[in-house]
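The chain contents come next:
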Amino acid sequence: MGDELEAREAVRDAYQAHYRRLVAALYALTGDHAEAQDLVQEAYARALARPRQFLDVADPEAWLRTVAMNLARTRWRRRRLFDTLVRSGRVARPVESVPGVDPNRVALVAALQQLSQATRETIVLHHLADMSVHEVAEALGVPVGTVKARLSRGRAMLATLLSDADAGDDVQRRRPYLPPAPAERPQEVRDAP
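This report concerns the structure included in the present document. Computed from a prediction, not measured in an experiment: that's the story for all the values here.

What counts, and where the lines are drawn
- Residues numbered from 1 in each chain as written.
- Predicted model: local features only at pLDDT ≥ 70, side-chain atom pairs only at ≥ 80, totals over all residues.
- Heavy atoms only, no water.
- Helix = DSSP H or I, 4+ residues; strand = E, 2+ residues; numbered from the N terminus.
- Buried < 20%, exposed > 50% of the residue type's maximum accessible area, 1.4 Å probe, protein only.
- Contact = heavy atoms within 4.5 Å.
- Areas by Shrake-Rupley, 256 points an atom, 1.4 Å probe, with all protein chains shown as cover.
- Phe/Tyr/Trp six-rings, centres within 6.5 Å; stacked < 30°, edge-to-face > 60°.
- Axes fitted to C-alpha atoms, helices over the stretch in contact; angles between N-to-C directions.
- Parallel < 35°, antiparallel > 145°, perpendicular 65-115°, else oblique.
- Left-handed = near helix turned anticlockwise from the far one by under 90°.
- Core = buried A, V, L, I, M, F, W, Y, C linked by side-chain atoms within 4.5 Å.
- Salt bridge = Lys/Arg side-chain N within 4 Å of Asp/Glu carboxyl O.

Quick notes on the overall build of the chain
Phase 1 of the analysis: On a plain count of helices and strands, the chain comes out with eight helices and zero strands.
Phase 2 of the analysis: When the elements of the chain are put in sequence order from the N terminus, they spell out α-α-α-α-α-α-α-α.
Phase 3 of the analysis: Counting only residues that meet the buried cut, the chain has 29% of its 193 residues in that class.
Phase 4 of the analysis: A separation of at least 24 residues holds for 62% of the contacts in the chain among residues at least 6 apart in sequence.
Phase 5 of the analysis: Of the roughly 13400 Å² of accessible surface on the chain, 52% is carried by carbon and sulfur atoms.

What follows is the structure, encoded as structure tokens:
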């Protein structure tokens, strides 16, 4: 019973130490804050289901992140199936609701969603979960060179996507007011030389 209590305490400590970072990383990965919270909470629930095994884990944050990312991948596969059903007309898509958030975050998440899943995972783990290139390579099971290439391509694509989004916003904000054109314009009168 003492081991069980110690294991549950370890899960509680891991929750307090890592929850916010894990949710931030999963939010950037999924683009949905509520889904990110659900994924991280499910990872903690799985840790609580086997607290003694969780106690033996060398890096609790990495374990929780891996479980949450695997859950995200499973949901992504299910969502692809759902999207297929929506396109075929068998199921109607529900209206999405987005809570009020910082416009910069919304732009970043929207840009991240345009990247491939592999590139997005790499960017999120390195830049938002503060993992080194070697840690990302180990977590994703790919060579370090692959991680570096994904980071380079991903940063370039994000820079383009985010600068395009900013340029669009600036055009909207800075566009001067132009009155509507009159129905008929008077003909110009030229002075004779």
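Here the narrative resumes.
Structural notes on the packing of aromatic side chains
Phase 1 of the analysis: Within the structure shown, the criterion is met by four aromatic pairs.
Phase 2 of the analysis: Centre to centre, the rings of tyrosine 15 and tyrosine 44 are 5.0 Å apart; their planes meet at 70 degrees, and the pair counts as edge-to-face. You can see tyrosine 15 sitting in helix 1 (residues 2-30) and its partner tyrosine 44 sitting in helix 2 (residues 33-49), a full 29 residues away along the chain.
Phase 3 of the analysis: Here tyrosine 15 falls in the partly exposed class, since its relative accessible area comes to 37%.

Side note on the packing of helix 4 (residues 60-88) against helix 6 (residues 117-128)
Phase 1 of the analysis: Where helix 4 meets helix 6, the closest approach of the two axes is 13 Å, and the angle between their N-to-C directions is 155 degrees. Taken as axis vectors, helix 4 and helix 6 run roughly antiparallel relative to one another. By crossing handedness, the relation of helix 4 to helix 6 is classed as right-handed. Contacts between helix 4 and helix 6 involve Arg65, Met69, Arg73 and Trp76 on the former and, on the latter, Gln117, Glu121 and Leu125.

Notes on the nonpolar core
Burial of nonpolar side chains together is a common tendency in soluble globular proteins.
Phase 1 of the analysis: Counting residues in hydrophobic clusters, the biggest one holds 40 residues, and the most contacted among them are Leu26, Val40, Tyr44, Leu64, Leu112, Leu125 and Val147.
Phase 2 of the analysis: Only helix 1, helix 2, helix 4, helix 5 (103-113), helix 6, helix 7 (133-140) and helix 8 (144-174) provide two or more residues apiece to this core.
Phase 3 of the analysis: With ten residues, helix 1 is the largest single contributor of residues to this core.
Phase 4 of the analysis: With near-sequence residues (within four places) excluded, leucine 125 lies in contact with Arg65, Met69, Asp130, Met131, Val136, Ala139 and Leu140.

Here we look at the pattern of salt bridges
Phase 1 of the analysis: Considering all chains together, one arrives at five salt bridges under this definition.
Phase 2 of the analysis: Among the salt bridges present, the one from arginine 21 reaches glutamate 61, with a minimum N-O distance of 2.8 Å. Placement of the pair is arginine 21 in helix 1 and glutamate 61 in helix 4, with a sequence separation of 40 residues.
Phase 3 of the analysis: Glutamate 61 gets classed as buried once you look at its relative accessible area, which sits at 11%.
Phase 4 of the analysis: Among the salt bridges present, the one from glutamate 61 reaches arginine 65, with a minimum N-O distance of 3.6 Å. With glutamate 61 and arginine 65 both in helix 4 and four residues apart, this pair spans about one turn of that helix.
Phase 5 of the analysis: A relative accessible area of 6% places arginine 65 in the buried class.

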